[in-house]
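# Working through the structure, step by step
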Amino acid sequence: MKLSGTVEFVDLEGGLYHLSADDGKRYTLIGSRGELKAAKGARVEVEGSLDEGFGIGMSGPQLRVASIRKI
Amino acid sequence: MLGTMTAGTLRARLGLRERLIVAAIALVALLLCGLAGCSRTPAPVLGITGDSVPGLIEVELSAPAALPGKVIDQEAQEDDLFGDALSPEYDVEIEVEPGTEAQVLAQLRGRADVIWAEPVVRYQRLWVPDDPDFSKQWHLKAAGAERAWDATRGEGVTVAVIDTGIYPVDDLDPGRLAKGWNFVGHNDDARDDHAHGTHVAGTIAQSTGNGKGVAGMAPQARLMPIKVLSASGSGTSHDIAEGIRWAVDHGARVLNLSLGGGARSLAMESAVAYARRRGAVVVCAAGNSGSRGVSYPAAYRGSFAVSAVGPKGRLAPYSSFGPEVAIAAPGGDKSQGEEAGVLQQTLAEGSTTEADYRWFQGTSMATPHVAGAAALVMSLGVSNPAAVESLLKSTASTAPESNREKYGAGLLDAAAAVRRATSGWGLWRLAFAILGALFALKHARAVGQVRASEKPGALFWAGLGFGAGALALLAPLGAERIPLLSFLALPPAAWPQRFLTPFAGYLGWSALVPLALALPARLSARPLQTAFGGLVTGLAFGWAGTLLHAALWRTVDLPWMPSLLMPFWLLLSAVFAWVVGRGLLAREPLR
């Protein structure tokens, strides 16, 4: 799936990155921390898949990032 | 002649000595009840029972104002003691010339703008860890760790951290790391590559009293790293379920799951049920949605769900809540500042090899406070996970608002739980043992097996106290300081299970020990009149008291014993132990 929105840093569990997506939902982004950190605060287009798995975030659906691009 | 007399005339009344012993025990019991906090305790507040710190005074002002002495700390209180948030108050700590405290206090108390003033007092503790940043760990104090450490530090209990792994940072004793498993990489290298698991592990058992860094809740517990989450902090239900089963099969008695998700997984649910059946406490984070709805695995039956509170004991804004929440614990609330987070050593930001001390917040941080408290309680011989949970809940302090979905039973108070498991329960065991012994003595006299003049000696009472684990009454006063007393903080019936293997529990939690000792004791003509016989007779009654308490409070879990049968096993064993004691009294009936 492809989503666009803004990457937000959330100071939870040592640091999480959320995508505040244009569809009105918030996704916890799962991916390279370096890549996510570089996109912090930016509007991005994310290609990835919804991850039904478990994690440290526990704050909503997880989006496993395949690619992330600033727009 | 006695044998021909009627039971009524022979029903001897308690001797003066016995009555004095009972009165003395009742007095000690009452005193210890106060010490032990047998009743539900309110939220921990700074007490006035300790010593005053020379020269320090704390003042609550209605508005900022000049004060005598040097101001060393001040802050505005948003909500005061009386919940009046509309009129903020100013809490100021001042330093005055030592010796002038009383004079300054009198002067302050006469001022209209001073709401209250009191000397700063120091709690009397026998052990204060020398970890330099321990003073910043408000969360350990709030969870009652300090006062619990005088009785136990979690020896002998393995806590599995089912997370991103544990990195062997320098403030973690490598000797306390058990062998773990990496379910992500499928190998035995369960080192952390994220920082989350190491932080969680630190809250449970960071090296404490080592003059370095920070402290942990149960510093003598062993940590088992189970890596089920990758470097990105995510994992699968399959790996988590496997991790739970592996940890329990390899000896973990407490499982810490600072993770979750919204999807219900039958594999994980059955793994949680398996862990519970095998005698483990499964402590799980409620979730970080900031709304109603507890995540899985916390929401499964058999999990012990933990919500998070900040330094003031109020639910943290991010914490999930719901009917499954069992208890609340400090998880940090950094909306009140960085240092309102939870401080532990973990991997430095962005590193997989360098360590740093970092402030985290989340229900993941609240969970290990509870897991550590569970380890403290289990190290005191409480092996039934349901009893551990019930103890933690029943001793939780009152939450700042009445809302079970947010706080469960209340705020975690590890010290209160430890006090109850030692001195609180010790009193009950002793009371049962004494009542059983007095009843047996009375009956033995009534039927002519013991002369009215025949009194149990000091060794009888010593044996009874020992069997009932009476020294546990003193444990909260500093058992950890004295190795032998630490050992005696548990009733001897709990020793085989606690110090040998779970299966050895059958040796202690039965009448086998008093029975085995009774055989040589019966070689003497009148056991009560010999040192060894008196000791063993008393021990049998003490053991019976311990078994009866364990049956009624359901504190014990034995391998392969269905939990429904456990109380009956213990009850029957208590009766056997009592019969052993009664049998020793009956040796050679008088004619």
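Reading the values: the criteria
Position labels on residues start from 1 in each chain and follow its written sequence. The lettering of chains begins at A and the numbering of ligands begins at 1, in the order of writing. For this predicted model, a pLDDT threshold of at least 70 governs which residues receive local features, and a threshold of 80 or more governs which side-chain atom pairs are given and counted, while totals over whole chains, interfaces and linings are taken from all residues. Helix and strand definitions follow DSSP, with helices as H or I runs of at least four residues and strands as E runs of at least two, each counted in order from the N terminus. Counting other C-beta atoms within 10 Å of a residue's C-beta gives its exposure: the residue is buried at 20 or more, exposed at 12 or fewer, and partly exposed in between, where C-beta atoms are placed from the backbone. By the criterion used throughout, residues are in contact when their C-beta atoms, derived from the backbone, lie within 7 Å. Classification convention: Asp, Glu, Lys, Arg as charged; Ala, Val, Leu, Ile, Met, Phe, Trp, Tyr, Cys, Pro as nonpolar; all other residues, Gly among them, as polar. Any two strands between which DSSP finds at least two bridges are classified as paired. Values of pLDDT, which run from 0 to 100, indicate the predictor's confidence residue by residue. Simply put, an axis is a line fit to the C-alpha atoms, just over the touching stretch for a helix, and the angle between two N-to-C directions goes from 0 to 180 degrees. Orientation categories follow fixed angle ranges, with anything under 35 degrees roughly parallel, anything over 145 roughly antiparallel, 65 to 115 roughly perpendicular, and all other angles oblique. Each crossing gets its hand from how the near helix is turned against the far one by less than a right angle, where anticlockwise is left-handed and clockwise is right-handed.

When you go through chain B residue by residue, the secondary structure sums to 19 helices and 14 strands. Per-residue burial over chain B gives 52% buried out of 591 residues. A separation of at least 24 residues holds for 75% of the contacts in chain B among residues at least 6 apart in sequence.

Turning our eyes to something else, we now look at the overall build of chain A. Across its full length, chain A carries one helix and six strands. If you list the helices and strands of chain A from N to C, you get β-β-β-α-β-β-β. Taken along its principal axes, the extent of the C-alpha atoms in chain A is 30 × 20 × 20 Å. Out of the 71 residues in chain A, the part that is buried amounts to 42%. In chain A, the share of contacts with a sequence separation of at least 24, taken over all contacts with a separation of at least 6, comes to 53%.

Accessible area lost during the coming together of the parts is what is often quoted as the interface size. Listed per partner, the contact involves 30 residues of chain B and 18 residues of chain A. Those elements that place two or more of their residues in the side of chain B that touches chain A are helix 6 (196-205), strand 8 (234-235), helix 7 (237-249), strand 14 (355-360) and helix 9 (363-378) of chain B. A per-class count over the side of chain B that touches chain A returns eight nonpolar, 20 polar and two charged. Inspection of the sheet shows strand 5 (residues 54-55) of chain A paired to strand 8 of chain B by two bridges, in the antiparallel sense. Among the inter-strand pairings, Gly55(A) is bridged to a residue of strand 8 of chain B, identified as Ser234(B).

Residues and elements named next belong to chain B. One open sheet accounts for seven strands, arranged 6-7-5-9-10-11-12; its pairing is parallel. Lying at the two open borders of the sheet, with one neighbouring strand each, are strand 6 (181-182) and strand 12 (325-330). As defined by bridge partners, strand 11 (residues 303-309) adjoins strand 12 across five bridges and the pair is classed as parallel. Note that in strand 12 the partner of Ala-305 across the bridge is Val-325.

With that settled, consider the confidence of the model for chain B. Detail in the predicted coordinates should be disregarded across regions flagged by low pLDDT. All names here are of chain B. Residue-level pLDDT values for chain B average 87, and 86% of them are 70 or greater. Scored below 50 in pLDDT, residues 1-14 makes 19 contacts in the model with residues more than four places away or belonging to other chains. In the predicted assembly, ipTM is 0.94 and pTM is 0.82.

The next point concerns the packing of helix 17 (residues 512-521) of chain B against helix 18 (residues 531-553) of chain B. Residues and elements named next belong to chain B. Between helix 17 and helix 18, the shortest axis-to-axis distance is 9 Å and the interhelical angle comes to 160°. Taken together, the axes of helix 17 and helix 18 are roughly antiparallel relative to one another. For the pair helix 17 and helix 18, the sense of crossing is left-handed. Residues Val-513, Pro-514, Leu-517, Ala-518 and Ala-521 of helix 17 form the contact with helix 18, whose own contacting residues are Phe-532, Gly-533, Val-536, Leu-539, Ala-540 and Trp-543. A per-class count over the contact of helix 17 with helix 18 returns 10 nonpolar, one polar and no charged.

Quick look at the packing of helix 9 of chain B against helix 12 (residues 414-446) of chain B now. Residues and elements named next belong to chain B. Running from amino to carboxyl end, helix 9 crosses helix 12 at an angle of 15°, the nearest separation of the two axes being 9 Å. In terms of orientation, helix 9 lies roughly parallel with respect to helix 12. In the crossing of helix 9 with helix 12, the sense of the turn from one axis to the other is right-handed. Contacts between helix 9 and helix 12 involve Ala-373, Leu-376 and Val-377 on the former and, on the latter, Ala-414, Ala-417, Val-418 and Ala-421. Looking at the contact of helix 9 with helix 12 residue by residue, the classes come out as seven nonpolar, no polar and no charged.

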